[in-house]
Amino acid sequence: MAERPYIVGNWKMNGTRAMLSEARAIDRAAQRYMKVEVALAPPYTLIHAVHREAEQIGIGAQDCHPGAEGAHTGDIAASMLADAGAKFVILGHSERRQDHGETNKLINAKIESALEAGLRVILCCGETLETRDAGDAEDFVLRQLKSALPAFGDPAERLTIAYEPIWAIGTGRTATAQDIEAMHRAIRALLDNTYGEDVSAQVRILYGGSVKPENAREILSTPEVGGALVGGASLSAESFLGIVVGAS
Ligand code: PEP
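This one's a predicted model, so the numbers in the text were calculated from it and none came from an experiment.

Undergrad: Even after reading the chapter, I still don't get the overall build of the chain, so can you show me in this structure?
TA: A tally of helices and strands in the chain yields 11 helices and 8 strands. Radius of gyration (C-alpha) of the chain: 17 Å, near the 18 Å computed for a compact globule of 248 residues. Counting only C-alpha atoms, the chain reaches 45 × 45 × 35 Å along its principal axes. A burial count over the chain gives 44% of its 248 residues as buried. Within the chain, contacts between residues at least 6 apart in sequence are counted, and of these 73% link residues at least 24 apart.

Undergrad: Just checking my understanding: could you explain the sheet that holds strand β6 (residues 159–163) for this structure?
TA: By definition, the strands of a sheet pair up through backbone hydrogen bonds, in either a parallel or an antiparallel sense. Reading around the circumference, β1-β2-β3-β4-β5-β6-β7-β8 is the order of the 8 strands in this closed barrel, with parallel pairing throughout. Neighbour-to-neighbour, the strand axes of the sheet open up by a mean angle of 25°, direction not taken into account. Bridge count for strand β7 (residues 204–208) against strand β8 (residues 227–230) is 2 bridges, and the pairing is parallel. Bridged to G208 within β8 is L229.

Undergrad: Hey, could you run me through the site of the ligand in this one?
TA: Taken together, 13 residues are adjacent to the ligand, and I169, G170, G208, G231 and G232 come closest. A per-class count over the shell around the ligand returns 5 nonpolar, 7 polar and 1 charged.

Undergrad: In this structure, what is going on with the environment of R120? I would like to understand it.
TA: Note that R120 resides in strand β5 (residues 120–125). Residues R120 and V89, 31 residues apart in the sequence, show an inter-C-alpha distance of 6.4 Å. Once you skip the residues sitting within four places of it in the chain, R120 turns out to touch K87, F88, R158 and T160.

Undergrad: Is there a simple way to think about unusual backbone geometry in this case?
TA: If a residue is not glycine, its phi is most likely negative; likewise, a peptide bond is most likely trans. Despite not being glycine, K12 shows a phi value in the positive range, around 50°. Considering the arrangement of structural elements, one finds K12 in the loop between β1 (6–10) and α1 (20–30). Taking the C-beta count within 10 Å as the criterion, K12 has 18 such neighbours and is therefore assigned partly exposed. In the Ramachandran plot, S210 falls in the positive-phi region, its phi being about 60° despite a non-glycine side chain. Within the element layout of this structure, S210 appears in the loop between β7 and α10 (213–220). S210 gets classed as buried once you count the C-beta atoms within 10 Å, which come to 21.

Undergrad: Sorry, what's going on with the UniProt feature "binding site: substrate" (unreviewed entry) in the chain here?
TA: On the UniProt side, "binding site: substrate" (unreviewed entry) is annotated at positions that read N10, W11, K12, G170, S210, G231 and G232 here. What stands out for the annotated residues spanning 223 residues is how close their C-alpha atoms remain, the widest pair being 14.2 Å apart. As for its placement among the helices and strands, W11 is situated in the loop between β1 and α1. Given 21 C-beta atoms within 10 Å, W11 falls into the buried group.

Parameters at a glance
- Residues numbered from 1 in each chain as written.
- Predicted model: local features only at pLDDT ≥ 70, side-chain atom pairs only at ≥ 80, totals over all residues.
- Helix = DSSP H or I, 4+ residues; strand = E, 2+ residues; numbered from the N terminus.
- Rg over C-alpha atoms; globule rule 2.2 N^0.38 Å.
- Buried ≥ 20, exposed ≤ 12 C-beta atoms within 10 Å, placed from the backbone.
- Contact = placed C-beta atoms within 7 Å.
- Pairing = 2+ DSSP bridges.
- Axes fitted to C-alpha atoms, helices over the stretch in contact; angles between N-to-C directions.
- Near = placed C-beta within 6 Å.
- Nonpolar A, V, L, I, M, F, W, Y, C, P; charged D, E, K, R; others polar.
- UniProt positions renumbered as here; feature names shortened; annotations may be inferred.

Dropping the structure here:
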């Protein structure tokens with residue numbers, strides 16, 4: 001188990017103010033598991049409200065625009081997220097890549113902008129099933145990261161990587177412990193080479209893809225797994241806290 005596992009819930013496009021009670025329950029319970037770092041990324045509309053209620057958990061967003069401000073109807077800048085109480089932002093999620101055609105270059109620009117605004121960043125990567133079956137998963141993921149990672153000299157220690165095989169997201173399938181470990185080791189080697197071992201050691205690598213209370217302990221005890229990015233199971237305090245317990 002990682003020194004201080006990082007368990008992050010991604011509510012995606014779910015949640016109205018009625019969900020604030022779930023966030024409150026997660027926050028109160030997280031105070032009993034101080035050895036686990038717990039965080040939630042609600043939709044934009046709830047960031048400020050969750051931030052105002054939360055005492056223990058970190059609040060973040062699911063995306064930002066690469067620009068600082070300006071005429072970009074419907075978009076949100078990183079500085080606006082920070083102003084609303086966000087401490088981190090998830091970038092490069094496969095649903096953003098698929099639904100909005102986000103490229104690694106765009107994701108890199110968003111990362112630079114988020115770091116500039118003082119946010120921490122969770123950078124997502126992961127391959128499709130076709131890529132894995134073709135034996136190209138590692139090359140593909142490392143290519144994604146090489147072109148999206150912030151430059152050497154940027155505050156890369158504020159970075160977290162989330163390895164999320166696309167075929168495991170929301171499908172009930174999870175990668176095997178061996179596959180997760182192999183991919184996380186390859187990512188670690190890339191971080192060591194890019195930033196040096198001291199900075200790399202501060203970057204946690206999370207696993208994401210159908211993590212739930214029943215499989216959390218096994219996944220989180222896999223070497224090099226520093227925590228989990230959780231979609232569906234983060235929508236109820238009970239199941240999300242089951243994962244936090246698995247991490248403790
Ligand atoms: C995700 O989309 O980041 C995710 C891991 O979703 P789920 O836990 O629902 O597979």
